[in-house]
Structure formats: C-alpha cells, structure tokens
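Architecture at a glance
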Amino acid sequence: MDQKLWSQFKKELPHKKGAFSKRNWGTPLHSLCSYQGKLKPALAHQLVQVFSKRGQTVFDPFSGSGTVPLEAAISGRCAVSNDLSDMAVAMSNAKIGNTNRMACDSLIDALIVWVSTRSVEPKTIEDTANIRFNKTIAEYFEPNTFQEVLKARDFFAKTKDLGDPNWCLVFSAMLHILHGNRPYALSRNSHPLTPYAPTGDYVYKNVSTHLRTKVHSALAAKESLPLTPQSISIQSDVRDLSQLADGSIDVIITSPPFASSTRFYMTNWMRFWFCGWSLTDFDNASAQFIEGNKDKSLIVYEDIFKSFGRVLKSGGPVVLHVGKNKAVDMSEKLQLLKFNDFEMVDVFSECVGSSEKHGIKDKGGTVEHQYLVYAKK
Ligand SMILES: C[S@@+](CC[C@H](N)C(=O)[O-])C[C@H]1O[C@@H](n2cnc3c(N)ncnc32)[C@H](O)[C@@H]1O
C-alpha cells in the first residue's frame, strides 16, 4: 500500500470530488446489471490505486456486481473475483472475462429458437407459482412477455456455464432487463434495484430484442477498455477459497455485507428466482450467506480471515469497506476480534448519513462507511 496516497485519501476523500463524485463516473460497463449494495465505481477505483500497484493480483472475495475487480482489471492489475451467488459470479465474470460479440449473438440466436419452439418446464411453473413476496411473478409482466421470460429461465438453466464470460454477459444483461422503471425493462413499472410491486399498463416486450440491445451496449462499453486478460472469477463460500493457491494474492479489497442490513438475495429476489432459485432456496439461504448471520459479534470473520491468510502473500494488505448502522458498528465489533495471521494497520471512518439514498429507503440506515486496513504478518 502507498502510505502517502492513503493519507491523501483520508484527508481529501477523492471519490467525492469533481467528476469522481458523480454516480455515473467510470465505464458504463459498471451498469451491466443493477445491484443493491454496489460500491461506487469511483471509490473502488481510488482503493485500487491506493492499495495496489500495476501488475499485482487484486482479489475481491465478496465481489457482488464486480465493481472492484472491474476497476482493478482496467488499471493494469490482475483481478480475481469471488462470490457465493450465481448472479454475482455471472456479473463479475461478464465484466472481467474475455468476451466476444459473435459468441454473445449466437447465444441470443439460440435463445430465440428455444423460446419459439419449447414449452415451459414443469419445474419453472412450480417455482414461479410458489414465490409471491410482494406480488406474484406473473403480475409483473404482460402475459406473452411472461411466457417468454419463463422459457428464457429454462434456456439459461439448460445452457448455464458460469465459467464462460459470454454466457455470463448475456445472462447478466437478461437479469438487468427483468425489472425496472425505464423502457429497457421487461416488467411493468417497478424498480431497477429491487422488484417493487409493479404498477401501470401491461405492455408486450419482446425478450430477445430487449436483450440484444442491452448486450450490445455492454459489449460496446467493454470493447473500449484495456482489460487485463488474465483476470478470473470463481464461485465459493468465502470461508473455502480452495480454488486459489496459497499466497497467490497480493492485495484483498472488499466490501462484505453490512451487518443487520440488506439480505442481498431478498432484495434481488426476482433475479435470484431467474437464476433458478425455488422457495426452499430462499428459506435455506441464511445458513451460507454472511448477511443471514444473525450473530452480531461477527465471529464468522475469524474463519473468513483464516481463508484470507492462506491465499494472501506475506505483507499483503486486506482492506475491508464496512458500515455502521443503528444496530451494529462493524468497525468496533471487528476490532474486538483477533485474527492470528494479521496485524491491524489503520481504521478510518467516513460519514455518509445524508448521501445514502438512491431512491431506496432501506439501505440498512448506514451512517458511516468504515475502512479497516490489515496486513498479513
Ligand atoms: C456488499 S455486497 C458486495 C458488493 C460489491 N462490492 C459490488 O460493488 O457490487 C456483498 C456480497 O457478499 C456476498 N456473500 C455473502 N455471503 C457470502 C459468502 N459466504 N461467501 C461469498 N460471498 C458471500 C453476497 O452475495 C454479496 O454479493
């Protein structure tokens, strides 16, 4: 880490200045698919600059929509992303993996054939009928659009390949257009981040036309980026990073789920349903996802840091971007825990109370963003 840049960061909060302060700063590829809890790209960019050097391997073990890995891969770092959910892995791999237009177009062509020749699979009919969190899924779509969406769910289940960046890009684009309040969305009027109960007219939207438009705009954004070709995405529980070799990582920069805040799989429920989840998956998810962990002592971080300690090189930094809300002060709780392989280097807090809106009331009431910096002994 660059001490001078870190001191400057703390003094000046560069991600809040000038062009960096704009929500849409950075490549439009960051907007491949809406994701609640997404880090501001400008902040990810600054953290990558402060804590890593060109040529180093930067790992985000809770990569979500892939903001840190994408900023790392744009800045000449080798990015490694990990997340537990299919949705997050698809989004990260779509952004940092090697994609090409012909492969993406062939997938959409295959989807068109599937939708026009198949009927909906019984499992999809059953999963869909059982899930009704605010409204039924059928109520979100015009009936013919709904049939196409159901068949598209089957198509992606049958062709699923989270290791193929082309599949990931087309799938992520499909997840994005599922619901929203703008013309790109297949749903009736809803919300781009969380599927708020739909309102307004039932209008037919052709799935493949909407999908191709989104895929092409993402590819156009991606083709202009100098992405590091060796970047990779993996999928695992953060406590089991066995796919990564010992000492293979130079720097960890990550924003884990904030305690007592949003459960990502619930705020993204329709996208998780589209990824293949049934009602039982929602019921059982809290066992694996850190945000479902109700233990406010954050003791789970002892196992998380064991995993970090194995994959990180000696001297390598871990930067945790966490939050304080009314229920839990994560920084305070984490400082009470002892991580054997690590020493604490610094703690810094940034007040965010008034800026956390994005049109969503429940941001977990975060009042402070906290940066905890550790170094591996
Ligand atoms: C705050 S979000 C990360 C957001 C990300 N920085 C971005 O910009 O989109 C936290 C992520 O942790 C993931 N997660 C939760 N429990 C996990 C676990 N046990 N192993 C790996 N990932 C997990 C969630 O799926 C979620 O994507």
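Please read all numbers here as calculations on a predicted model, not as lab measurements.

It is worth spelling out the site of the ligand at this point. In the vicinity of the ligand, 23 residues are found, and the nearest of them are Tyr35, Leu39, Ser65, Thr67 and Asp83. The backbone of Leu39 places a nitrogen or oxygen atom 2.8 Å from an oxygen atom of the ligand. Between the ligand and Leu84, the relevant distance is 3.3 Å, taken from a nitrogen atom to a main-chain nitrogen or oxygen of the residue. Protein chains shield 99% of the accessible area of the ligand, which is 610 Å² for the free molecule.

With that out of the way, let us pick up the packing of aromatic side chains. Inspection of every chain in the model, using the stated rule, returns 32 aromatic pairs. Relative to Trp25, the ring of Phe20 lies with its centre 5.1 Å away and its plane at 45 degrees, an arrangement referred to as tilted. Exposure remark for Phe20: the relative accessible area of 25% places this residue in the partly exposed category. Put simply, the rings of Phe133, Tyr140, Phe141, Phe146, Tyr265, Trp269, Phe272, Trp277, Phe282 and Phe289 touch in pairs and so form one group of aromatic residues. Looking at Arg118, its charged tip hangs above the ring of Trp114, at a distance of 3.9 Å from the centre.

Right, let's get into the sheet that holds strand E5 (residues 317-324). Strand order across the open sheet formed by seven strands is E3-E2-E1-E4-E5-E7-E6, with mixed pairing between neighbours. Of all the strands in the sheet, the pair left with one neighbour each is strand E3 (232-235) and strand E6 (342-351). Mean inter-strand twist for the sheet, computed between neighbouring axes without regard to direction, equals 20 degrees. Set on the sheet, helix H2 (residues 41-51) makes contact with strand E4 (251-254), E5 and strand E7 (368-376); between it and E4 the angle comes to about 160 degrees.

One non-glycine residue, Leu13, lies in the positive phi region at around 40 degrees. Position of Leu13 among the secondary structure elements: in the loop between helix H1 (3-12) and H2. According to the relative accessible area criterion, Leu13 is buried, its value standing at 19%.

Over its 14 residues, helix H8 (residues 165-178) extends 20 Å from the first C-alpha to the last, a length consistent with the 20 Å expected when each residue adds 1.5 Å. Where burial is concerned, most of H8 is hidden: 14 out of the 14 residues are buried. The opening residue of H8 is Asp164, an N-cap whose side-chain oxygen sits 2.9 Å from the backbone nitrogen of Asn166.

Along the chain, Thr67 falls in helix H3 (residues 67-74). Thr67 sits in the buried class, given a relative accessible area of 4%. Leave out the neighbours within four places in its chain, and Thr67 touches His30, Lys38, Leu39, Lys40, Pro41 and Ala44.

Grouped burial of nonpolar side chains is what soluble globular proteins tend to show. In terms of nonpolar packing, the biggest core is built from 82 residues, with Met174, Leu211 and Phe274 touching the most fellow members. The dominant element in this core, judged by the number of residues it contributes, is H8, at 10 residues. Beyond its immediate stretch of four places on either side in the chain, Phe274 contacts Val149, Ala152, Arg153, Phe156, Phe171, Met174, Leu175 and Leu178.

This next bit is on the pairing of E4. Going residue by residue along E4, you find Val251 and Ile253 tucked away on one face and Ile252 and Thr254 tucked away on the opposite face as well. With two bridges connecting them, strand E1 (residues 57-60) and E4 associate as parallel partners. Of the residues in E4, the one forming a bridge with Phe59 is Ile252. In this sheet, E5 lies alongside E4 in parallel orientation, the contact comprising three bridges. By the bridge assignment, Ile253 is partnered in E5 with Val319.

Our focus in this paragraph is the environment of Lys214. Summarising the element assignment, Lys214 is placed in helix H9 (residues 207-223). We classify Lys214 as buried; its relative accessible area is 15%. A C-alpha to C-alpha distance of 41 Å links Lys214 and Gln3, two positions 211 residues apart in sequence. Lys214 has contacts with Ser31, Leu32, Ala173, His176 and Ile177, leaving out every residue within four places of it along the chain.

Under the defined criterion, the tally for this structure stands at 14 salt bridges. One salt bridge in this structure joins Arg212 and Asp109, with 2.8 Å as the shortest N-O distance. Separated by 103 residues along the polypeptide, Arg212 in helix H9 and Asp109 in helix H5 (residues 101-117) bring together distant segments of the chain. Judged by relative accessible area, Arg212 falls into the partly exposed class, the value being 24%.

Glancing now at the pairing of E5. Working note: regular strand, side chains alternate between the two faces of the sheet. Among the eight residues of E5, seven are classified as buried, and the element is accordingly described as predominantly covered. The sheet contact formed by E5 and E7 spans eight bridges and is antiparallel. Bridging from a neighbouring strand, Gly323 pairs with His369 of E7.

About the cut-offs
- Residues numbered from 1 in each chain as written.
- Predicted model: local features only at pLDDT ≥ 70, side-chain atom pairs only at ≥ 80, totals over all residues.
- Heavy atoms only, no water.
- Near = heavy atom within 4 Å.
- Polar contact = N/O pair within 3.5 Å; in protein donor to acceptor, adjacent residues only side chain to side chain.
- Areas by Shrake-Rupley, 256 points an atom, 1.4 Å probe, with all protein chains shown as cover.
- Phe/Tyr/Trp six-rings, centres within 6.5 Å; stacked < 30°, edge-to-face > 60°.
- Buried < 20%, exposed > 50% of the residue type's maximum accessible area, 1.4 Å probe, protein only.
- Lys NZ or Arg CZ within 6 Å of the ring centre and 35° of its normal.
- Pairing = 2+ DSSP bridges.
- Helix = DSSP H or I, 4+ residues; strand = E, 2+ residues; numbered from the N terminus.
- Axes fitted to C-alpha atoms, helices over the stretch in contact; angles between N-to-C directions.
- Contact = heavy atoms within 4.5 Å.
- Expected span 1.5 Å × (residues − 1).
- Core = buried A, V, L, I, M, F, W, Y, C linked by side-chain atoms within 4.5 Å.
- Salt bridge = Lys/Arg side-chain N within 4 Å of Asp/Glu carboxyl O.

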